[in-house]
Amino acid sequence: AGVAGRLSPQERRALGSRVTANSRAYEQFLRGNVLLARRSAAAIRDAIAAYRAAAAADSGFADAYGRLAYAYALCANWDCSGDVDSLLGLSRRASTSALRLDPRSSHAWMGRAYLLVTWSGAGGGFDDDTLLASLAAFERAVELNPRNDEAWHQYGSTLAHVSDSASLDALRRALALDPARAVTYQDLSTTYYHMGRADRALATVDSAVALDPDGPFRNVRALYRLTAGD
């Protein structure tokens, strides 16, 4: 409070909650978070293994199950392993476990929200009900923990389907929490690109490449330069 000023009730709850008393589980949970942010197929597979280890070490660790649900759905989107339907089934089971264990877990709601996004996309596109349900779940995730940068990231990416300005706001919130999020710069660039702001899109994806030169962002930059005639 002395550094940041008055905390909101949601922030006080988030800081006061004890997610697990098991040090092994928490170490694996943090390891999974770092791996997942890299957004490569191999890193996502390793993140899934880390979250599974966290849940095995503490079967009551709701956040680990929520992140596991999220990682399985992310794996389906990034073609990192296995059959999409199987991955989404695993995501659904982990999501159900997370929300049953702790309906106030931000990570549990993030996992459910992204599962809805991915399931709808696997069917060929969003329907209005699924889109609204996923946005409501993301809103719940960031309400429960306003410092969940991954939830702000995916909330912003999903908002791009309904509002460019709202998408930019949420993605900027994610970057304010973690300025080194290369994948958020990529999604921010995508929103700019769809808005017809090609120069801003290219500058933003350049930031993603600068932050993670070995990440999967160069192909996006190549697309923007091709479109610009470069």
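Use the structure listed above.
Residues numbered from 1 in each chain as written. Predicted model: local features only at pLDDT ≥ 70, side-chain atom pairs only at ≥ 80, totals over all residues. Heavy atoms only, no water.

Let's shift gears to a nonpolar patch on the surface. There is a patch of nonpolar side chains on the surface, built from V19, Y26 and L30 and spanning about 220 Å² of accessible area. Structurally, Y26 can be placed in helix α2 (residues 23–36). By relative accessible area, which is 36% here, Y26 ends up partly exposed. (Patch = residues over 30% accessible without salt bridge, like charges linked within 9 Å, V, L, I, M, F, W, Y side chains within 5 Å. Areas by Shrake-Rupley, 256 points an atom, 1.4 Å probe, with all protein chains shown as cover. Salt bridge = Lys/Arg side-chain N within 4 Å of Asp/Glu carboxyl O. Helix = DSSP H or I, 4+ residues; strand = E, 2+ residues; numbered from the N terminus. Buried < 20%, exposed > 50% of the residue type's maximum accessible area, 1.4 Å probe, protein only.)

Right, let's talk about the pattern of salt bridges for a bit. One pass over the full model with this rule turns up five salt bridges. For E150, the salt bridge goes to R39, with nearest N and O atoms at 2.5 Å. Within this pair, whereas E150 is found in helix α8 (residues 149–159), its partner R39 is found in the loop between α2 and α3 (41–57), the two being separated by 111 residues in sequence. Comparing E150 with R39, the two get one shared label, buried. Here R140 makes a salt bridge to E143, at a shortest N to O gap of 3.1 Å. In this pair, R140 and E143 are both assigned in helix α7 (residues 128–144), three residues apart and thus about one turn of the helix distant. Residue classification places E143 among the partly exposed residues on the basis of a relative accessible area of 38%. Through salt bridges with shared partners, one network takes in R39, D149, E150 and R181.

For the structure on display, the rule yields seven aromatic pairs. Here Y70 and Y114 contribute two aromatic rings whose centre-to-centre distance is 5.1 Å and whose plane-to-plane angle is 70 degrees, an arrangement assigned as edge-to-face. Of this pair, Y70 sits in helix α4 (residues 62–77) while Y114 is found in helix α6 (residues 106–122), placing the two residues 44 residues apart along the sequence. A single burial state applies to Y70 and to Y114, both of which are buried. Pairing W152 with Y155 gives two aromatic rings, centres 6.0 Å apart and planes at 45 degrees, and the pair type is tilted. Placement of the pair is W152 and Y155 together in helix α8, with a separation of three residues, close to one helical turn. (Phe/Tyr/Trp six-rings, centres within 6.5 Å; stacked < 30°, edge-to-face > 60°.)

This model, assessed by the stated rule, comprises one disulfide. Between the sulfur atoms of C75 and its disulfide mate C80 the distance is 1.9 Å. Residues C75 and C80 share a disulfide whose torsion about the S-S bond is about -110 degrees; that sign makes it left-handed. Look at C75 and you get buried, because its relative accessible area is 1%. (Disulfide = S-S within 2.5 Å.)

It is worth spelling out the environment of A160 at this point. Among the secondary structure elements, A160 is positioned in the loop between α8 and α9 (164–177). Along the chain, A160 and D187 lie 27 residues apart, while their C-alpha atoms are 9.4 Å from each other. When sequence neighbours within four positions are dropped, the list of residues in contact with A160 reads S167 and T191. (Contact = heavy atoms within 4.5 Å.)

Here we come to the environment of A50. On the secondary structure map, A50 appears in helix α3. For the pair formed by A50 and N33, sequence separation is 17 residues and the distance between their alpha carbons is 8.9 Å. Residues within four places of A50 in sequence aside, it is in contact with Q28, R31 and G32.

What follows concerns the side chain of T204. Mapped onto the secondary structure, T204 falls in helix α11 (residues 198–211). Filtering out sequence-adjacent residues up to four positions away, T204 remains in contact with Y185, L188, S189 and Y192.

Another point: the nonpolar core. Judged by nonpolar contacts, the single largest core of 41 residues is most densely connected at L36, I44, I48, Y51, Y114, F138 and Y155. Counting residues per element, the ones that place at least two in this core are α2, α3, α4, α5 (84–101), α6, α7, α8 and α9. The element best represented in this core is α4, accounting for 10 residues. The contacts of L36, once residues within four sequence positions are left out, are I44, A47, Y51, R67, Y70, A71 and L74. L171, Y192, A201 and V220 belong to the second-largest nonpolar core, a separate cluster that totals nine residues. (Core = buried A, V, L, I, M, F, W, Y, C linked by side-chain atoms within 4.5 Å.)

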